[in-house]
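Below, each chain spelled out in residue letters.
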Amino acid sequence: MTKEERVELAELLFPNIKHDREYYEAKYPERDLPEGAMVTRYGPSPTGSVHLGNLLSAFADMVYARQSNGSFFLRIEDTDQKRMVEGGIENITTVLKDFDILPNEGYSFGGEYGPYIQSERTEIYQTYIKDLVIQGYAYPCFMKEEEIEAIRQEQELNKTKIGIYGVYAIDRDLSLEEVREKINNKEEYVIRLKSPGDANHEIEVIDCIKGKMKFPEHNVDTVLLKKDGTPTYHFAHAIDDHLMHTTHVIRGDEWVSSLPLHVQLFQLLGFKPVRYAHIAPITIKDQETGNIRKISKRKDPWFGVKYYEENGIPIEALHLYLATITNTNFEEWYLNNPEKSISEFEFSFDKQAVGGTSFDEAKLVNLCKTYFSRKSGKEVYEETHFWATKHDTEYAKLLEENKEDMIKFFSIEKDGPRPRKDISKYSEVREEFSYAIDSLFEKEHYAKNESEKEYDTDLVLDYVNNYLDLNVDNETWFNTIKEFAVSNGYAASPKDYKNEPEKYKGHVGDICEAIRVMITGRLKSPDLFSIMKILGKDRILKRIEFYKNK
Ligand code: GLU
């Protein structure tokens with residue numbers, strides 16, 4: 001076809017498209033950003049629930065844009081309407097908000113480069129494809145499903161590349177008259193790329209994470225516009241990344257195989273190329289086989305982001321974990337800079353693991369414990385309460401009723417150089433501090449009394465009634481209980497007892513253990529005297545009675 005014929009063809013295919021490319025180029029001008037600013041996007045398809053891998057790439061989008069004073073936007077990629085799930089879009093925005101991975105622009109966040117949802121951009125895509133038709137890089141293809149299927153089967157049999165290209169691309173060179181006739185006959189068509197590629201040539205792409213990669217040139221006439229006039233993902237994302245001025249496409253490496261097509265599309269459309277950063281999937285050591293495999297929806301509770309929300313993993317701790325996956329040197333930096341926040345760390349693609357990172361629950365738990373240990377009692381109270389209002393309303397209410405006490409309990413052993421590391425999730429607080437609330441202590445915790453031993457309640461009652469003074473400091477208290485121990489035939493220290501066991505009934509630690517078990521129901525607890533101070537004598541006595549009567 002001559003250029004004039006192609007202009008006619010384009011008009012025939014897209015009579016309603018009145019704007020030209022220049023209109024949109026002018027409408028979405030270059031961003032006014034400092035040198036080196038990265039513009040990143042999270043482009044989820046609302047086809048399922050959000051998983052850890054999605055969160056990781058959105059997190060990377062956020063940190064790279066933020067540290068370079070660029071922009072991070074959310075674009076909903078809903079080209080595949082058939083696979084959309086109900087509430088899928090809303091779920092995406094809710095997750096980003098809940099996990100504090102906030103785009104500064106995009107769908108439901110506003111911005112100058114929208115609409116940020118592909119289903120509302122059809123006219124834009126058609127404008128650009130109309131232009132490709134005029135350039136001779138796209139054409140209508142009227143092939144029927146059965147024809148395509150027959151070709152696929154033949155290709156499979158001959159073990160040749162699957163797709164419509166070369167001799168298989170029967171409609172590539174239809175004349176204008178032939179097209180007109182088919183359209184008049186109401187034959188359905190898609191618009192295909194007229195790929196100029198040659199699979200014998202190689203292209204090279206330098207990925208920010210994976211480095212130099214080589215591929216055969218793309219040579220398939222891929223569908224760009226579907227029968228209903230909506231684009232395929234491949235075409236839509238190229239137009240969007242261009243008009244939204246994305247500089248870095250950070251995404252899962254399942255897209256690596258599409259790179260030759262994407263690079264070709266950018267070239268044919270005359271767009272400035274984007275940089276790619278393909279993230280390898282998160283892996284995990286299989287419990288049964290011991291092999292490293294991709295983290296799985298079916299087998300691993302950590303796969304979906306729901307897990308983190310429901311179990312009450314603090315968002316900041318999850319961010320720390322995502323940061324350790326994103327850059328291999330983050331963990332060490334964080335250990336050496338406990339006072340600093342993630343935003344002070346400089347992320348770089350060359351510190352990103354090429355082969356992916358293994359999910360490490362112990363590491364996540366440890367980060368969470370460190371997180372909690374650095375929070376004040378009041379902060380632990382507030383955050384746990386906030387989580388409980390969503391996930392355990394009964395406990396939320398109990399927390400409110402016991403607020404003052406709870407803050408005191410959460411504050412025990414916070415001040416020293418090595419603050420207590422007990423909890424790793426909000427969901428653990430109820431059990432971990434069950435002795436702090438009378439009703440829980442009696443109902444839930446005491447049933448879990450960890451000790452098999454029978455303790456001497458008379459001895460403990462005597463101590464509490466006649467010797468315990470809650471208004472002294474820790475050292476004085478310990479001295480008095482030692483005296484009490486000695487006057488009752490117990491050694492003042494475990495060492496004394498060990499040296500001459502026949503001389504004693506036990507040592508001071510045994511008395512403390514008895515008190516601890518009676519008032520907390522457990523063998524280990526935070527500082528005993530601090531707990532006693534918060535409980536007060538009456539409640540201590542009540543608990544000893546409770547123990548006695550069991
Ligand atoms: N919509 C694609 C997906 O959900 C995103 C691909 C991309 O980021 O380019 O996997």
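Residues numbered from 1 in each chain as written. Predicted model: local features only at pLDDT ≥ 70, side-chain atom pairs only at ≥ 80, totals over all residues. Heavy atoms only, no water.

Caption draft 1: Representation of the overall build of the chain in the model. Helix and strand content of the chain: 23 helices and 14 strands. Relative to the 2.2 N^0.38 estimate, which gives 24 Å for 550 residues, the radius of gyration of the chain is 33 Å and therefore markedly larger than a compact globule would have. Within the chain, the fraction of its 550 residues that count as buried is 50%. Counting only contacts in the chain whose residues sit at least 6 apart along the sequence, the fraction spanning at least 24 positions is 73%. For the chain, the accessible area works out to roughly 27300 Å², and carbon and sulfur atoms hold 48% of it. (Helix = DSSP H or I, 4+ residues; strand = E, 2+ residues; numbered from the N terminus. Rg over C-alpha atoms; globule rule 2.2 N^0.38 Å. Buried < 20%, exposed > 50% of the residue type's maximum accessible area, 1.4 Å probe, protein only. Contact = heavy atoms within 4.5 Å. Areas by Shrake-Rupley, 256 points an atom, 1.4 Å probe, with all protein chains shown as cover.)

Caption draft 2: Quick look at the packing of helix α14 (residues 377-391) against helix α15 (residues 393-401). Running from amino to carboxyl end, α14 crosses α15 at an angle of 145 degrees, the nearest separation of the two axes being 6 Å. Crossing of α14 against α15: the hand is left-handed. Here α14 contributes Tyr381, Thr384, His385, Ala388, Thr389 and His391 to the contact with α15, which in turn contributes Thr393, Tyr395, Ala396, Leu399 and Glu400. Taken together, the residues of the contact of α14 with α15 sort by class into 5 nonpolar, 5 polar and 1 charged. (Axes fitted to C-alpha atoms, helices over the stretch in contact; angles between N-to-C directions. Left-handed = near helix turned anticlockwise from the far one by under 90°. Nonpolar A, V, L, I, M, F, W, Y, C, P; charged D, E, K, R; others polar.)

Caption draft 3: Focus on the pairing of strand β10 (residues 275-279). By the criterion of burial, β10 is predominantly enclosed, with 4 of the 5 residues buried. Inspection of the sheet shows strand β9 (residues 248-252) paired to β10 by 5 bridges, in the parallel sense. Note that in β10 the partner of glycine 252 across the bridge is isoleucine 279. Handedness of the crossover joining β9 and β10 through helix α9 (residues 259-269) is recorded here as right-handed. (Pairing = 2+ DSSP bridges. Right-handed = clockwise from strand over helix to strand, strands pointing away.)

Caption draft 4: The arrangement of the pattern of salt bridges in detail. Taken as a whole and judged by the stated rule, the model has 39 salt bridges. When the shortest N-O distance is used, the salt bridge between glutamate 8 and arginine 180 registers 2.9 Å. With glutamate 8 in helix α1 (residues 3-13) and arginine 180 in helix α7 (residues 176-184), this residue pair connects regions lying 172 residues apart in the sequence. The salt bridge partner of arginine 539 is aspartate 438, with a shortest N-O separation of 3.1 Å. Of this pair, arginine 539 sits in helix α23 (residues 528-548) while aspartate 438 sits in helix α18 (residues 438-445), placing them 101 residues apart in sequence. (Salt bridge = Lys/Arg side-chain N within 4 Å of Asp/Glu carboxyl O.)

Caption draft 5: Fine view of the pairing of strand β7 (residues 211-216). Both strand β6 (residues 202-207) and β7 contribute to a ladder of 6 bridges, which runs antiparallel. Across the sheet, glutamate 202 pairs through a bridge with proline 216, a residue of β7. In this antiparallel pair of consecutive strands, β6 and β7, the connection spans 3 residues.

Caption draft 6: Region of the structure containing the site of the ligand. Residues in close proximity to the ligand include Arg41, Gly43, Pro44, Ser45, Glu77, Tyr233, Arg251 and Trp255, which together make up its full environment. At 2.8 Å from an oxygen atom of the ligand is found a side-chain nitrogen or oxygen belonging to arginine 41. Between glycine 43 and the ligand, the recorded distance is 2.7 Å, taken from a backbone N or O atom to a nitrogen atom. Burial of the ligand by the protein amounts to 83% of the accessible area it has alone, namely 300 Å². Residues that form the shell around the ligand fall into these classes: 3 nonpolar, 2 polar and 3 charged. (Near = heavy atom within 4 Å. Polar contact = N/O pair within 3.5 Å; in protein donor to acceptor, adjacent residues only side chain to side chain.)

Caption draft 7: Representation of the environment of glutamate 310 within the structure. You can see glutamate 310 is positioned in helix α10 (residues 306-311). A sequence separation of 228 residues divides glutamate 310 from lysine 82, and the C-alpha atoms of the two residues are 30 Å apart. When neighbours within four sequence positions are excluded, glutamate 310 is seen to be in contact with Trp387 and His391.

Caption draft 8: Here's a closer look at the nonpolar core. In this structure, Ile101, Tyr308, Phe359, Trp477 and Met532 are the most contacted members of the largest nonpolar core, which totals 110 residues. The leading source of residues in this core is helix α3 (residues 52-67), at 10 residues. With sequence-adjacent residues up to four places away left out, methionine 532 is seen in contact with Leu468, Leu470, Trp477, Ile515, Ile519 and Ile540. Within the second largest apolar cluster, 49 residues are counted, among which are Leu13, Phe142, Ile203 and Leu259. (Core = buried A, V, L, I, M, F, W, Y, C linked by side-chain atoms within 4.5 Å.)

Caption draft 9: Structural detail: unusual backbone geometry. In this structure, the amide linkage connecting glycine 114 to the following residue, proline 115, adopts the cis form with an omega of 0 degrees. Of note, proline 115 is situated in the loop between β3 (105-106) and α5 (122-135). Despite not being glycine, aspartate 100 shows a phi value in the positive range, around 55 degrees. Examined against the element boundaries, aspartate 100 turns out to sit in the loop between α4 (88-98) and β3. Residue classification places aspartate 100 among the partly exposed positions, given a relative accessible area of 42%. If you check the backbone angles, serine 108 has positive phi at about 70 degrees while not being a glycine. In this structure, serine 108 sits in the loop between β3 and α5.

Caption draft 10: Helix α19 (residues 457-466), seen in detail. Among the residues of α19, Thr457, Leu459, Val460, Leu461, Tyr463 and Val464 are the ones counted as buried. Among the structural elements, α20 (474-487), β13 (490-491), α22 (508-520) and α23 are those in contact with the buried residues of α19. Its side-chain oxygen 3.1 Å from the backbone nitrogen of aspartate 458, aspartate 456 forms the N-cap of α19.

Caption draft 11: Looking closely at the sheet that holds strand β5 (residues 190-193). An order of β4-β5-β8 is seen for the 3 strands of this open sheet, with the pairing classed as antiparallel. Edge positions in the sheet fall to β4 (138-141) and β8 (223-225), since each has one partner strand and no second. Averaged over all pairs of adjacent strands, the angle between their axes in this sheet comes to 45 degrees, without regard to strand direction. Pairing analysis gives 2 bridges linking β5 to β8, with the strands arranged antiparallel. Paired with isoleucine 191 across the bridge in β8 is leucine 225. Across the sheet, α5 is in contact with β4, β5 and β8; its angle to β8 comes to roughly 125 degrees.

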